[in-house]
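Structure assessment
Here are the chains, one letter per residue:
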Amino acid sequence: TRYIQVTVMENGVQANKMTFYLPQLDTHFRRVEQPALMADGNHLKLAMLGIDEEKRGVGWVESEDGGMYWQDQQWIESEVFMHLPPRWDQNFLYWAILQNGEAMICRTESPAQAPDCKGLGSPRVDSFMVENGVVTASIDTGTADWALTEIHW
């Protein structure tokens, strides 16, 4: 079983340690991996990918006090690509999925909002990065013929 562990240090001393398993995020037992942490002062946002035999998705949890207390965890069910970690850009979380045979990049500002997803024009994506709402992804345009493509929000 895989999990994500966040340790909060104050003045070189461990102040808190929190371990996230997906049973905290949903009712099914899953493994989690590929964490992405964003900090804006004491406001922390942690995203992670999760998987089990039945479904995949993105876990989301926030802390307003620098990681001493974590609010209720959220779960976004989504057919995530497990080899691509989610990424934060400004207030948005981005992740890659496969939907109807096409690789897509999704984003949302909140786990309560429906994700906004845009297609990449290929069933395969090798990697992606995001900066200022622009996603650059490496996609397969043929048989192992990789090219960069951009998506603008």
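As shown above, the structure is provided for reference.
Because the structure is a prediction, the values reported are computed rather than measured.

Let's shift gears to the sheet that holds strand E13 (residues 146-152). The antiparallel open sheet is built from three strands, whose spatial order is E11-E12-E13. Each edge of the sheet is formed by a strand with only one pairing partner; in this case those strands are strand E11 (125-131) and E13. In this sheet, neighbouring strand axes are inclined to one another by 20° on average, regardless of whether the strands run parallel or antiparallel. Pairing analysis gives seven bridges linking strand E12 (residues 134-140) to E13, with the strands arranged antiparallel. Considered in E13, the bridge of Asp140 is made with Trp146.

Enumeration over the complete set of coordinates arrives at three salt bridges. Between Arg31 and Glu33 there is a salt bridge, with the nearest N and O atoms lying 3.1 Å from each other. Its relative accessible area of 33% is what places Arg31 among the partly exposed residues. In this structure Glu33 comes out as buried when scored by relative accessible area, which is 13%. The salt bridge partner of Glu77 is Lys55, with a shortest N-O separation of 3.4 Å. Residue Glu77 is found in strand E6 (residues 74-77), and its partner Lys55 is found in the loop between strand E4 (43-51) and strand E5 (56-63); the two are separated by 22 residues along the sequence.

One recurring pattern in soluble globular proteins is that nonpolar side chains are buried together. Val58, Val80, Trp88, Leu93, Trp95 and Ile97 are the most contacted members of the largest nonpolar core, which totals 16 residues. At the level of secondary structure, the elements contributing two or more residues to this core comprise strand E3 (31-40), E4, E5, strand E8 (92-99) and strand E9 (102-108). Not counting the four nearest positions on each side in its chain, Ile97 is found in contact with Ser78, Glu79, Val80, Phe81, Glu102, Ala103, Met104, Cys106 and Cys117. By size, the runner-up hydrophobic cluster in this structure holds 15 residues, among which are Ala103, Phe128, Val130 and Ile151.

The backbone of Asn100 sits at a positive phi, close to 50°, despite the residue not being glycine. Look at Asn100 and you get exposed, because its relative accessible area is 79%. Unlike most non-glycine residues, Asn132 shows phi in positive territory, near 55°. Mapped onto the elements, Asn132 comes out in the loop between E11 and E12.

Moving on, we come to the environment of Ser127. Here Ser127 lies in strand E11. For Ser127 and Ile139, which are twelve residues apart along the polypeptide, the C-alpha to C-alpha distance reads 7.7 Å.

Criteria and cut-off values
Residues numbered from 1 in each chain as written. Predicted model: local features only at pLDDT ≥ 70, side-chain atom pairs only at ≥ 80, totals over all residues. Heavy atoms only, no water. Pairing = 2+ DSSP bridges. Helix = DSSP H or I, 4+ residues; strand = E, 2+ residues; numbered from the N terminus. Axes fitted to C-alpha atoms, helices over the stretch in contact; angles between N-to-C directions. Salt bridge = Lys/Arg side-chain N within 4 Å of Asp/Glu carboxyl O. Buried < 20%, exposed > 50% of the residue type's maximum accessible area, 1.4 Å probe, protein only. Core = buried A, V, L, I, M, F, W, Y, C linked by side-chain atoms within 4.5 Å. Contact = heavy atoms within 4.5 Å.

Honestly, that's just the spatial picture; any functional story needs more than this.
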